[in-house]
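Here is what each chain is made of, one letter per residue.
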Amino acid sequence: MDTNTLNSATYPARFVGLDIGGSKTRGIVWSDGMLTSDVSVGSTNVQNVSQETAEENMAELFGLLEATGSTVVFVGAGGIDTDDDAAALSVLIAPFVPDATITVVHDTRLLLAAAGATEGVAVIAGTGSAAWGTNAAGESARAGGWGYLLGDEGSGYWLAREAVRHSLRRMDAGQPADDLTTELLNYCGLKAPGELIAHFHQGTTRRYWAAASPVIFAAAAKGHEQALALVDQAAEDLAGMAAKVAGQLNIAGPIVLGSGIGSNVPALQEAFSAQLAQRGISDVHILAQDPIFGIPLLVAQAQAAATA
C-alpha cells in the first residue's frame with residue numbers, strides 16, 4: 001500500500017495517526033487521501049516519561065501537526081494492556097482534537113498492519129519488546145511487553161543493560177575492561193567500569209540506554225564473544241515470544257519483526273529468523289517501513305466494521 005496517497009473514498013477526509021513509543025512520538029495527518037503533515041517529538045507515554053513531560057510533548061506535537069478538522073485519531077502505543085490504559089491516553093489527546101473519535105491500541109498492531117497483513121504475529125524490538133498476533137477467526141494473543149522493570153528481553157534497553165552487567169561482573173572478578181566495556185565507557189563518557197553503577201541509576205533514561213545498543217552490535221560484528229552471545233539471546237527471546245503467540249493462535253505466520261533494532265539490524269534479523277526456523281516457523285518478514293504506516297489499514301478496517 002502506498003501510504004502517502006490513499007483512496008480518499010475509503011477513509012475519513014482528515015485523520016491522524018500516532019505511534020507512541022518509549023523514545024519518541026510520531027504523528028501523521030492524512031487529508032483527502034494525501035499525507036499532509038508528519039512530525040516527531042519526545043515520548044508521550046506516561047509509562048516512560050512523567051505526566052508533565054507527556055503533556056508537554058503532546059502539546060508540542062499537536063502544535064506542529066496540521067490536525068485541525070480531523071474526525072479520527074488512531075493511536076498505537078506501548079504498554080496499552082487494559083481499557084483504562086487506553087482511556088488515560090485518550091484523555092491526554094482529546095483536548096487537541098475535540099471533535100475526533102480516538103482509538104488507542106497496543107503498538108504491536110501497527111507492525112502487522114504496516115506489513116499489509118490482517119493476520120499473523122508482530123514482534124516489536126525497539127526501546128522495549130513485545131509480540132502480538134491475530135488469526136482469521138479474529139482471536140488475538142500477546143506475549144512480553146511487560147516493561148523494562150519486568151521484562152523487555154531482546155530490546156535495545158535490555159541489550160545495553162546486559163552489557164553494563166557484563167562490564168561490572170568483569171570488574172568484580174578483577175578482570176580488565178575488554179573491548180565491549182571500553183566501547184560502552186566511550187559511549188557513556190566514563191573512564192572506569194565502576195562509574196557505570198552511578199551513571200546507570202542517576203539521571204539516565206531508557207532512551208539513553210536503548211541508544212547504546214549499537215555498541216553491542218558493533219562488538220558482535222568484530223567477533224566479541226559476549227556481544228555475540230547477547231545478540232543470540234535477544235533473538236532467542238524475541239523468537240520465543242513470537243512462537244508463543246503463534247502457538248496460542250494456531251498459526252504458522254507470517255511473523256513480522258519491526259521497530260528500531262528489529263527493522264535495522266541484520267545480525268539480529270538473521271538470528272531471529274534462525275531461531276524461528278528451529279521452531280518450525282519459516283514465514284518471517286522484516287518490516288521495511290515505519291509501523292505508523294499501518295494505521296491507514298486499521299482505520300479502513302474500523303470504517304468498514306462501522307458501516308457493516
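Scroll up to find the structure.
Given the structure is predicted, the values throughout are model-derived calculations rather than measurements.

Trainee: Any chance you could break down the overall build of the chain for me, citing the residues and the numbers?
Mentor: Assigned secondary structure in the chain consists of 12 helices and 10 strands. Its C-alpha atoms give the chain a radius of gyration of 20 Å, near enough to 19 Å, the size a compact globule of 308 residues would have. Taking the principal axes of its C-alpha atoms as reference, the chain extends roughly 65 × 45 × 30 Å. Relative to its 308 residues, the chain shows a buried fraction of 53%. For the chain, restricting intrachain contacts to residue pairs at least 6 apart in sequence, the fraction spanning at least 24 positions comes to 67%. Surface exposure of the chain reaches about 13800 Å², of which carbon and sulfur atoms provide 50%.

Trainee: Which residues make up the environment of Ala115, and what values go with them?
Mentor: Here Ala115 is to be found in the loop between helix H3 (108–114) and strand E6 (120–125). For Ala115, a relative accessible area of 37% corresponds to the partly exposed category. Counting along the chain gives 163 residues from Ala115 to Gln278, while the straight-line C-alpha distance between them is 23 Å. In this structure, Ala115 is in contact with Val256 and Leu287, ignoring residues within four places of it in sequence.

Trainee: Break down the nonpolar core for me, with residues and values.
Mentor: Across soluble globular proteins, nonpolar side chains have a tendency to be buried as a group. Core analysis: the largest hydrophobic core is formed by 50 residues, its most contacted members being Trp209, Ile255 and Phe272. The greatest single-element share of this core, amounting to 12 residues, is contributed by helix H9 (residues 225–249). Excluding residues that lie within four positions of it along the chain, Ile255 makes contacts with Val121, Val123, Ala242, Ala246, Phe272, Leu276, Ile281, Asp283, Val284 and His285. In this structure, Val39, Val73, Ile93 and Ala100 belong to the second largest nonpolar core, which totals 23 residues.

Trainee: Describe in detail the packing of H9 against helix H11 (residues 266–278), supporting the description with residues and values.
Mentor: Between H9 and H11, the least distance of the axes is 8 Å, while the angle of their chain directions is 50°. In terms of orientation, H9 and H11 fall into the oblique class. H9 and H11 meet at a crossing whose hand is right-handed. Of H11, the residues touching H9 (which contributes Val231, Asp232, Ala234, Ala235, Glu236, Leu238, Ala239, Ala242 and Ala243) are Ala267, Leu268, Ala271, Phe272, Gln275 and Leu276. Among the residues forming the contact of H9 with H11, the class breakdown is 12 nonpolar, 1 polar and 2 charged.

Trainee: An account of the pattern of salt bridges is requested, with residue identities and associated values reported.
Mentor: Counted by the stated rule, this structure contains 6 salt bridges. As a salt-bridge pair, Arg26 and Asp38 come within 2.6 Å of each other at their nearest N and O atoms. Highlighted residues: Arg26 in strand E2 (residues 24–31) and Asp38 in strand E3 (residues 34–42), separated in sequence by 12 residues. You can call Asp38 partly exposed: its relative accessible area is 38%. Across the pair Arg165 and Glu162 runs a salt bridge whose closest N-O atoms are separated by 3.6 Å. Placement of the pair is Arg165 and Glu162 together in helix H4 (residues 156–172), with a separation of 3 residues, close to one helical turn. Among the ionic contacts, a cluster of salt bridges with common partners joins Arg26, Asp38 and Asp290.

Cut-offs used in this document
Residues numbered from 1 in each chain as written. Predicted model: local features only at pLDDT ≥ 70, side-chain atom pairs only at ≥ 80, totals over all residues. Heavy atoms only, no water. Helix = DSSP H or I, 4+ residues; strand = E, 2+ residues; numbered from the N terminus. Rg over C-alpha atoms; globule rule 2.2 N^0.38 Å. Buried < 20%, exposed > 50% of the residue type's maximum accessible area, 1.4 Å probe, protein only. Contact = heavy atoms within 4.5 Å. Areas by Shrake-Rupley, 256 points an atom, 1.4 Å probe, with all protein chains shown as cover. Core = buried A, V, L, I, M, F, W, Y, C linked by side-chain atoms within 4.5 Å. Axes fitted to C-alpha atoms, helices over the stretch in contact; angles between N-to-C directions. Parallel < 35°, antiparallel > 145°, perpendicular 65-115°, else oblique. Left-handed = near helix turned anticlockwise from the far one by under 90°. Nonpolar A, V, L, I, M, F, W, Y, C, P; charged D, E, K, R; others polar. Salt bridge = Lys/Arg side-chain N within 4 Å of Asp/Glu carboxyl O.

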